[in-house]
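# What the coordinates show
Now for the letters of each chain:
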Amino acid sequence: MLPRKRAAADGVVVIEAEPETIANNNKAAVSSSFKKQRFGSCIIATAGNESTAKNGDNSAIIGGNSDQNNSRVVESSSQSIMALGDANHSEIDEDLHSRQLAVYGRETMRRLFASNILISGMQGLGVEIAKNLILAGVKSVTLHDEGVVELWDLSSNFVFSESDVGKNRALASVQKLQELNNSVIISTLTTKLTKEQLSDFQAVVFTDIGFEKAIEFNDYCHNHQPPISFIKAEVRGLFGSIFCDFGPEFTVVDTDGEDPHTGIIASISNDNPALVSCVDDERLEFQDGDLVVFSEVHGMTELNDGKPRKIKSARPYSFILEEDTTNFGLYTKGGIVTQVKQPKVLNFKPLREALKDPGDFLLSDFSKFDHPPLLHLAFQALDKFVSDLGRFPVAGSEEDALKLISIAGNINESLGDGRVEDINPKLLRHFAFGSRAVLNPMAAMFGGIVGQEVVKACSGKFHPLFQFFYFDSVESLPSEPVDPSDFRPLNSRYDAQISVFGSKLQKKLEDAKVFIVGSGALGCEFLKNIALMGVSCGDQGKLTITDDDVIEKSNLSRQFLFRDWNIGQAKSTVAASAAASINSRLNIEALQNRVGPETENVFDDTFWENLTVVINALDNVNARLYVDQKCLYFQKPLLESGTLGAKCNTQMVIPHLTENYGASRDPPEKQAPMCTVHSFPHNIDHCLTWARSEFEGLLEKTPAEVNAYLSNPVEYKTAQRNAGDAQARDNLERVLECLEKEKCETFQDCITWARLRFEDYFVNRVKQLIYTFPEDAATSTGAPFWSAPKRFPQPLQFSAADPSHLQFVTAASILRAETFGIRIPDWVRHPKMLAETVEKVIVPDFQPKKDANIVTDEKATTLSTASIDDAAVINELIFKLELCTENLPQGFRMKPIQFEKDDDTNYHMDLIAGLANMRARNYSIPEVDKLKAKFIAGRIIPAIATSTAMATGLVCLELYKVLDGGHKVEDYRNTFANLALPLFSMAEPVPPKVIKHGDMSWTVWDRWILRDNPTLRELLQWLKDKGLNAYSISYGSCLLYNSMFPRHRERMDKKFVDLAQEVAKADLPPNRRHLDVVVACEDDEDNDIDIPQISIYFS
């Protein structure tokens, strides 16, 4: 029977189906090879009116898409729900959730997919929490709100528009939230909640609830079997609070989300206790009290029993094992030690107890260590104020502020010995004034934190917040006192923000000229925040955003302004359009240009000079450094941020107040030596690095080299002859091999090639290696050659019955066929037929060479070795190449394949995972699945929506300070946060280094300017007057003047612009008005003085 439509509130159409239809839909969903789709049908469920589906009835709400397999059904159940979601949920769409999977892993994702969440209160904070959880992919989110949308709400809620004013908040939120992820069931409740309704959820979040009701609901959740995780969160102006209670006994499965630390053993003593030393390949990350297990230990095999053992005295390369090994076997070689991660049980107190005895507060800013106890009082005082008067304090009302301070004082006095020494009336006054407002940056920040706490509650992944967290950003208030009349509402969408900052700062926000670099996850969040704050929304304001990237499916789980129908479109254009739909007054221009030296005609001097502030939303260090140098040069504030999984950091770069981004850098990542990757791997990362290198060499570089030769044979041969080195020889050998010995004309040839590649990689090369260096080989010093961290390999024996062997041949042969433009037959995907074909391949016998050259030098950067007869060999190779080219079809070209990690149908990751795992098998290294291989070989940066939201919220709190313009360095905050622990560390930015000379001083922010196109002599005299003797002046890489060269004195009376054009051959574009020179100076005592860059204006 067809479903029947019926009307619901506000025009929402709900579809009723007969029980049989629903059952059939469920069967279809189960029986099909169902892959979780992000955008299929739109599922909207509403409650709070008579037509709502009640528990136990036969009605359900399903999507309007005709594809039944993509429909999700709102099911009712009288059974109690597991505290952690049932992990047996639908298949994970790895293309969509790859970055999130890299943070959480499959088990946590499955638990999320089975979790039902209630969010009560759909103002700015509630919608931010909902957004983050819907993007994460929980099973269902129920939105509860009894109130209606006010113009006031538009300051912080990105789903509301002016047309929603007067509608129920929950109902007005559904449609836009559903667009974020159609795999999540979103329903609404619009009437008063009862505590019994909470039993349908694994976690409940309240963002707008009084303490009396909160205690009632929390008691129910705490005592429920199993317990329901309860979170109470509030954002009041520039103040926020979170309370978590996940039940009397909550088990944290993984406290930090980090992989278990490991070490490669070098020695173990026969002592009580025993000393374990590890190789100095990498520092150990163990801590005293850790439990570890041993494996692969030779000699002292008693340790290989898998039993966890406690350690102490952890050092960078050793530790003490709390065990008597005196009677154990004598350690000979080998061994891996691995940390054992232990679950942790937390005993949460219910809210009624925790209010009286809050325990330790989680600190975020050590300069405000006294604020959390005070804010614990302030939020209780505000609750009593609202309860007594039925309203919030009025912004700017001293009377209301005094009343709230009085209430706080009374509560404090009742605490006896636990009272706060100083209730800080000034802080409470700020708290009272802004208490009605929900600010977007605060909602974004707290939405990230609370969203992550819900994930913890549903999965046991990461350590929960235990139990109170208070935060304030009073430094964001204007630096000058605000007249109370400035707080009055203007009947605008920014009234809530005006009630905190005043209308003067609002005008500054609206007139700001902002440049956002990047439109990915951070960029989308920034655009949303800026649109809601009203930044660049005035007549004088302008926001420019640029990103040269296009939207991919994997972006959709974090970059929330994009939809599946935007895949392939320019990120900046789509994001700008979405931001303008949040606030139609936003003056935004979207560009698709990379910011760098090559686009200085687009982002020219005038562009940079006209900016108010720059916000970076980038994902690579080089681009950040370039923008940093531009902001330094043009003296523009730069707001910097970045995320890595659950971690995030923010850095404020403020002209003349702070150091610049490039002033301090992380050390470069340690790279494994080439010989380790190619011949002596000892972990899966080495295997995957090698696999990625082989993939690119076989399928991209060699075909591209072939095409370079075929496109212009004469020029190519001349270039190789002129080079005449080992690299040129290697290039020619690879091209000749590809066109002659390993040329493929049929798919059978591709299978033969793949089978012989297997033999070469995993059999012959290993035989050669252990022939050259047998197991008992010694180094020149007499030490065993195969000592840790080296692992002695064993050749594989190919078997068509081994699925992993066959999968390697499948992926390799298909990709080889692609490079030669050979049609791929369907039967290749049938293992039995492929196995029969592979078995027919004749594999020649292999004999190891006595004179094989295997690189063992860890400092070597290439495997190619130069030879005195390279030139002769190159000529011979060119001759052979000319002969084989004659047999090629007219116009023959190969098709190079560029590695693409995010398409699971293209066999790229199948081949890389196959290469890496077979190599790992050679060396007895644990293998990995394709997803883990994708993370490592694809260099995927782990990312989740929660840390991104938090980072952008923190940055936008700093943006208030930047646009206000009067703040000191001590008002700004840099932040590092790790939501997994959770850890929040905020500190003042580091000021720039000051250089002094005589009575002058300057920093990296200073630039000395000379106008009217001076001569060289005039510049030297100008510096001389400052007590500085210039001995070298350069423009770019060209030396314009050096005091040691007598001929340079002939240039003394030449104008600088002429010198730059004549000597440096400078090509000065018409829009360029100045040139920059670097001058080396010393003082009268011949001490070098590092002076600022000098800009010489010539027009």
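Above this text is the structure in question.
Residues numbered from 1 in each chain as written. Predicted model: local features only at pLDDT ≥ 70, side-chain atom pairs only at ≥ 80, totals over all residues. Heavy atoms only, no water.

### Looking at helix α2 (residues 94-113)
With 20 residues, α2 extends only 13 Å from end C-alpha to end C-alpha; this falls clearly short of the ideal 28 Å at 1.5 Å per step. Residue Leu101 marks the point of greatest curvature in α2, where the axis turns by about 105°. Most of α2 sits inside the fold, with 14 of its 20 residues counted as buried. Its side-chain oxygen at 3.2 Å from the backbone nitrogen of Asp95, Asp93 defines the N-terminal cap of α2. (Helix = DSSP H or I, 4+ residues; strand = E, 2+ residues; numbered from the N terminus. Expected span 1.5 Å × (residues − 1). Bend = angle between axes of the 7 residues up to and from the residue. Buried < 20%, exposed > 50% of the residue type's maximum accessible area, 1.4 Å probe, protein only. Polar contact = N/O pair within 3.5 Å; in protein donor to acceptor, adjacent residues only side chain to side chain.)

### Notes on the sheet that holds strand β15 (residues 318-321)
The strand order around the closed barrel built from 6 strands is β11-β12-β15-β14-β13-β16, with neighbouring strands paired in antiparallel fashion. The mean inter-strand angle of the sheet, taken between neighbouring strand axes irrespective of direction, is 50°. Relative to β15, strand β14 (residues 309-312) runs antiparallel, the two sharing 2 bridges. If you follow Lys312 over to β15, its bridge partner there is Ile320. (Pairing = 2+ DSSP bridges. Axes fitted to C-alpha atoms, helices over the stretch in contact; angles between N-to-C directions.)

### Section: the sheet that holds strand β22 (residues 613-616)
Where strands meet in a sheet, backbone hydrogen bonds hold them as pairs that are either parallel or antiparallel. Within the open sheet, the 8 strands sit side by side as β21-β20-β19-β22-β23-β24-β25-β26. Their pairing is mixed. Pairing within the sheet leaves two strands with one partner each, and these edge strands are β21 (588-591) and β26 (983-987). Averaged over all adjacent pairs, the angle separating strand axes in this sheet is 10°, with direction ignored. Across 4 bridges, strand β20 (residues 542-546) lies against β21 in parallel orientation. Within β21, the residue paired with Ile545 across the bridge is Ala590. With respect to the sheet, helix α27 (residues 945-964) is in contact with β22, β23 (638-644), β24 (647-653), β25 (974-978) and β26, its orientation differing from that of β24 by roughly 15°. (Contact = heavy atoms within 4.5 Å.)

### Some words on the pairing of strand β8 (residues 229-236)
Most of β8 is tucked away: 8 of the 8 residues are buried. Burial along β8 is two-sided: Ser229, Ile231, Ala233 and Val235 facing one way and Phe230, Lys232, Glu234 and Arg236 facing the other are all buried. In the sheet, strand β7 (residues 203-206) pairs with β8 via 4 bridges, with the strands oriented parallel. By the bridge assignment, Val205 is partnered in β8 with Ile231. Note on the crossover from β7 through helix α5 (residues 211-223) to β8: the handedness is right-handed. (Right-handed = clockwise from strand over helix to strand, strands pointing away.)

### Quick notes on helix α8 (residues 398-413)
Helix length check: α8 (16 residues) gives 22 Å between terminal C-alpha atoms against 22 Å at 1.5 Å per residue, within 8%. Regarding α8, the residues found buried are Asp400, Ala401, Leu404, Ile405, Ile407, Ala408, Gly409, Ile411 and Asn412.

### A short note on the packing of helix α3 (residues 124-136) against helix α10 (residues 440-459)
It is the contact of α3 with α10, at a shortest axis distance of 8 Å, that shows an interaxial angle of 45°. Relative to α10, the element α3 is oriented oblique. In terms of crossing hand, the pair formed by α3 and α10 is right-handed. Counted together, Gly124, Leu125, Glu128, Ile129, Asn132 and Leu133 of α3 and Asn440, Ala443, Ala444, Phe446, Gly447, Gly448, Val450, Gly451, Val454 and Val455 of α10 form the full contact between these two elements. (Parallel < 35°, antiparallel > 145°, perpendicular 65-115°, else oblique. Left-handed = near helix turned anticlockwise from the far one by under 90°.)

### Structural notes on the environment of Leu625
You can see Leu625 is positioned in helix α16 (residues 621-634). In sequence terms Leu625 and Asn917 are 292 residues apart; their C-alpha atoms lie 37 Å from each other. Every residue in contact with Leu625, bar those within four places of it in the chain, is listed here: Tyr661, Gly662 and Arg665.

### Considering a negative patch on the surface
On the surface, a cluster of negative charge is made up of Asp1084, Glu1085, Asp1086, Asp1088 and Asp1090. Tracing the sequence through the fold places Asp1090 in the loop between β33 (1088-1089) and β34 (1093-1097). (Patch = residues over 30% accessible without salt bridge, like charges linked within 9 Å, V, L, I, M, F, W, Y side chains within 5 Å. Areas by Shrake-Rupley, 256 points an atom, 1.4 Å probe, with all protein chains shown as cover. Salt bridge = Lys/Arg side-chain N within 4 Å of Asp/Glu carboxyl O. Lys, Arg positive; Asp, Glu negative; His and termini not counted. Charge placed at Lys NZ, Arg CZ, Asp CG, Glu CD.)

### Structural notes on the pairing of strand β5 (residues 140-144)
Of all 5 residues making up β5, 5 are buried, and the element is well covered by its neighbours. One ladder, built from 5 bridges, connects strand β4 (residues 116-120) with β5; its direction is parallel. The residue bridging Ile119 from the neighbouring strand is Leu143, located in β5. Considered for its hand, the β-α-β crossover made up of β4, α3 and β5 is right-handed. Bridge count between β5 and strand β6 (residues 185-189): 5 bridges; the pairing is parallel. Opposite Thr142, over in β6, you have Ser187 as the bridge partner. Crossover handedness for the path β5 to helix α4 (residues 169-180) to β6: right-handed.

### A few points about the environment of Lys528
Note on placement: Lys528 falls in helix α13 (residues 521-533). The class of Lys528 is buried, set by a relative accessible area of 0%. Along the primary structure Lys528 and Pro655 are separated by 127 residues, whereas in three dimensions their C-alpha atoms are 26 Å apart. Once residues within four sequence positions are removed from consideration, Lys528 is found in contact with Glu128, Lys131, Phe158, Asn440, Ala444, Phe560 and Ile582. Reaching out from Lys528, the side chain makes a polar contact with the side chain of Glu525 at a distance of 2.8 Å.

### Overview of the side chain of Asp153
One can find Asp153 in the loop between β5 and α4. Setting aside its immediate chain neighbours within four residues, Asp153 contacts Gln123, Val148, Phe160 and Arg169.

### Comments concerning the packing of α8 against helix α9 (residues 425-433)
Between α8 and α9, the least distance of the axes is 9 Å, while the angle of their chain directions is 120°. Judged by the inter-axis angle, α8 sits oblique to α9. The interaxial crossing formed by α8 with α9 has right-handed handedness. Across the interface between the two elements, Glu398, Ala401, Leu404, Ile405 and Ala408 of α8 pack against Pro425, Leu428, Arg429, Phe431, Ala432 and Phe433 of α9. Of the residues assigned to the contact of α8 with α9, the class counts are 9 nonpolar, no polar and 2 charged. (Nonpolar A, V, L, I, M, F, W, Y, C, P; charged D, E, K, R; others polar.)

### Focus: the nonpolar core
Core analysis: the biggest nonpolar cluster contains 175 residues, and Leu177, Ile242 and Ile516 have the highest contact counts within it. If you tally residues by element for this core, the top one is α27, at 11 residues. If we ignore the near neighbours within four places in the chain, the residues touching Ile516 are Phe526, Leu527, Ile530, Leu543, Thr544, Ile545, Thr546, Ile615 and Ala617. Within the second largest apolar cluster, 77 residues are counted, among which are Leu769, Phe808, Leu815 and Ala835. (Core = buried A, V, L, I, M, F, W, Y, C linked by side-chain atoms within 4.5 Å.)

### Some words on the packing of aromatic side chains
Per the counting criterion, the structure on display carries 48 aromatic pairs. Clustering of aromatic rings is evident, with ring pairs tying together Phe206, Phe217, Phe230, Phe239, Phe243, Phe361, Phe379, Phe431, Phe468 and Tyr470. Just above the ring of Phe785 sits the side chain of Lys790; from NZ or CZ to the centre is 4.8 Å. The positively charged end of Arg1007 is found above the aromatic ring belonging to Tyr633, 3.8 Å away from the centroid. (Phe/Tyr/Trp six-rings, centres within 6.5 Å; stacked < 30°, edge-to-face > 60°. Lys NZ or Arg CZ within 6 Å of the ring centre and 35° of its normal.)

### A short note on unusual backbone geometry
Following Gln225, the chain continues into Pro226 via a peptide bond in cis, with omega recorded as -5°. Inspection of the secondary structure puts Pro226 in the loop between α5 and β8. In this structure, the amide linkage connecting Asn272 to the following residue, Pro273, adopts the cis form with an omega of -5°. For Arg939, which is not glycine, the phi dihedral falls at a positive 50°. Tracing the backbone through its elements, the reader meets Arg939 in the loop between α26 (930-937) and α27. Under the relative-accessibility criterion, Arg939 is labelled exposed at 58%. Non-glycine residue Asp1012 carries a positive phi angle of around 65°. By secondary structure assignment, the location of Asp1012 is in the loop between β29 (1007-1010) and α28 (1016-1024).

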